[in-house]
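The primary structure of each chain is shown beneath.
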Amino acid sequence: MSAPAAPPGIERVLFSEEQIRERICEIGESIAERYRGRDLKLIGVLKGSIFFLTALAQRIDIPIKVDLLGISSFGARKGAPGVVRIAKDLDDTIEGEDVLLIEDIVDTGLTTRYLLQTLAGRGPNSLAICTLLDRTCRRIVQVPVEFRCFEIDERFVVGFGLDYRQLYRNLPYLAVMKPD
Ligand code: 5GP
């Protein structure tokens, strides 16, 4: 069975399915080592991070709980930082728990900082960040990223959960889009 052809808006594959799978295995092992002996709660941010969260959770060999947070960003054009608010809150409390916030991408850091501040106020035992993609060259605010799969440059990326106008999330690889 041959792989489906890349959609027309895609310029090139940045990280293949295989590369993503390998990296997720490595990160999953590091997370398990770090938290062994404790229960860990993964908090995914809808919608971008759920593809990463699902793949990662299966590679972390310790007891895992999962909860989801939905956010709305305003002024969201291609990659632009917007004002963030929580559109769907967690189902459960995180008080006294070890929490790992799972992000699709940390870009300016504004979204992640907002989420960290919000979650820190709820009294977790520990709170750390794990991201599929990290674009440190565009950072506006510093956030402590503990686990990252890939560092990337300026180009807008889609696939493996990341969208452009809600499309491309289902690509099994990470790709760079053609310029407008
Ligand atoms: P922040 O700038 O606050 O760190 O990132 C906010 C959000 O912008 C990310 O969660 C993501 O939804 C979106 N974003 C930033 N860069 C990219 C990118 O290259 N591709 C896609 N699809 N979304 C991005």
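Starting afresh in each chain, residues are numbered from 1 along the sequence in its written order. Restriction of local features to residues with pLDDT of at least 70 applies here, the model being predicted, together with a cutoff of 80 or more for giving and counting side-chain atom pairs; totals for whole chains, interfaces and linings are based on all residues. Water and hydrogen atoms play no part in the side-chain values, which are based on all heavy atoms of the structure.

Undergrad: So what's going on with helix 1 (residues 17-35)? Which residues, and what values?
TA: Put simply, DSSP H or I for four residues or longer makes a helix, DSSP E for two residues or longer makes a strand, and each gets a number counted from the N terminus. The length a helix should cover is 1.5 Å for every residue beyond the first. Helix length check: helix 1 (19 residues) gives 27 Å between terminal C-alpha atoms against 27 Å at 1.5 Å per residue, within 8%. For helix 1, the set of buried residues is Ile20, Ile24, Ile27, Gly28, Ile31, Ala32 and Tyr35. Axial view of helix 1: buried residues confined to an arc of 140 degrees, hence all on one face. Of the residues in helix 1, the exposed ones pointing more than 90 degrees away from the buried face are Glu29 and Glu33. Following helix 1 by one or two positions, Gly37 adopts a phi angle in the positive range, close to 95 degrees. Categorising residues by exposure relies on relative accessible area from a 1.4 Å probe, with only protein chains included: less than 20% of the type maximum marks a residue as buried, more than 50% marks it as exposed, and the intermediate range marks it as partly exposed. Summarising the geometry, the arc corresponds to the directions from the helix axis toward the C-beta atoms.

Undergrad: Kindly report on the sheet that holds strand 8 (residues 157-158), identifying the contributing residues and their values.
TA: By the convention used here, strands pair only if DSSP detects at least 2 bridges between them. Read from one edge of the open sheet, three strands run 1-9-8, paired in antiparallel fashion. Of all strands in the sheet, those with a lone pairing partner are strand 1 (10-15) and strand 8, marking the two edges. Two strands pair when backbone bridges link them, and strand 1 and strand 9 (residues 174-177) are joined in this way by four bridges, in the antiparallel orientation. Within strand 9, the position partnered with Phe15 by the bridge is Leu174.

Undergrad: With reference to specific residues and values, describe the site of the ligand.
TA: Near the ligand you find 13 residues, and of these Thr108, Thr111, Arg135, Val157 and Asp163 are the closest. Take Gly109: an N or O atom from its main chain is 2.9 Å from an oxygen atom of the ligand. N or O atoms within 3.5 Å of each other form a polar contact, as long as, within protein, one can give a hydrogen and the other can take it, and as long as residues adjacent in sequence are counted only when both atoms are side-chain atoms. Here an oxygen atom of the ligand sits 2.7 Å away from a polar atom, N or O, in the side chain of Arg135. Considering every element that reaches the shell around the ligand, the biggest residue donor is strand 5 (residues 98-106), with three residues. Among the residues making up the shell around the ligand, the classes are represented as six nonpolar, three polar and four charged. Proximity is defined per residue: if any heavy atom of the residue lies within 4 Å of a molecule or strand, that residue is considered near it. Three residue categories are used. Nonpolar comprises Ala, Val, Leu, Ile, Met, Phe, Trp, Tyr, Cys and Pro, charged comprises Asp, Glu, Lys and Arg, and polar comprises the others, including Gly.

Undergrad: Outline the packing of aromatic side chains, supporting the account with residue identities and numerical values.
TA: Paired rings are identified among Phe, Tyr and Trp, the last through its six-membered ring, by centres lying within 6.5 Å, and are further divided according to the angle between planes into stacked (under 30 degrees), edge-to-face (over 60) and tilted (the rest). A full pass over the atoms with the stated rule returns two aromatic pairs. An angle of 15 degrees between the planes, with centres 3.8 Å apart, marks the rings of Phe15 and Phe150 as stacked. One end of the pair, Phe15, is in strand 1; the other, Phe150, is in strand 7 (residues 145-151), and 135 residues separate them in sequence. With relative accessibility at 14%, the residue Phe15 sits in the buried group. Ring geometry for Phe156 versus Tyr164: centroids 6.0 Å apart, planes at 75 degrees, classification edge-to-face.

Undergrad: Describe in detail the side chain of Asp104, supporting the description with residues and values.
TA: Structurally, the position occupied by Asp104 is in strand 5. His is not counted, nor are the chain ends, whereas Lys and Arg count as positive and Asp and Glu as negative. Salt bridge, as used here, is a side-chain nitrogen of Lys or Arg placed within 4 Å of a carboxyl oxygen of Asp or Glu. Among buried Asp, Glu, Lys and Arg side chains, Asp104 stands out as unpaired, with Arg169 the closest opposite charge at 5.6 Å. Pairs of residues are marked as contacts when any of their non-hydrogen atoms sit within 4.5 Å. Apart from the residues within four sequence positions on either side, Asp104 is in contact with Gly48, Ser49, Thr131, Leu132, Leu133 and Leu162.

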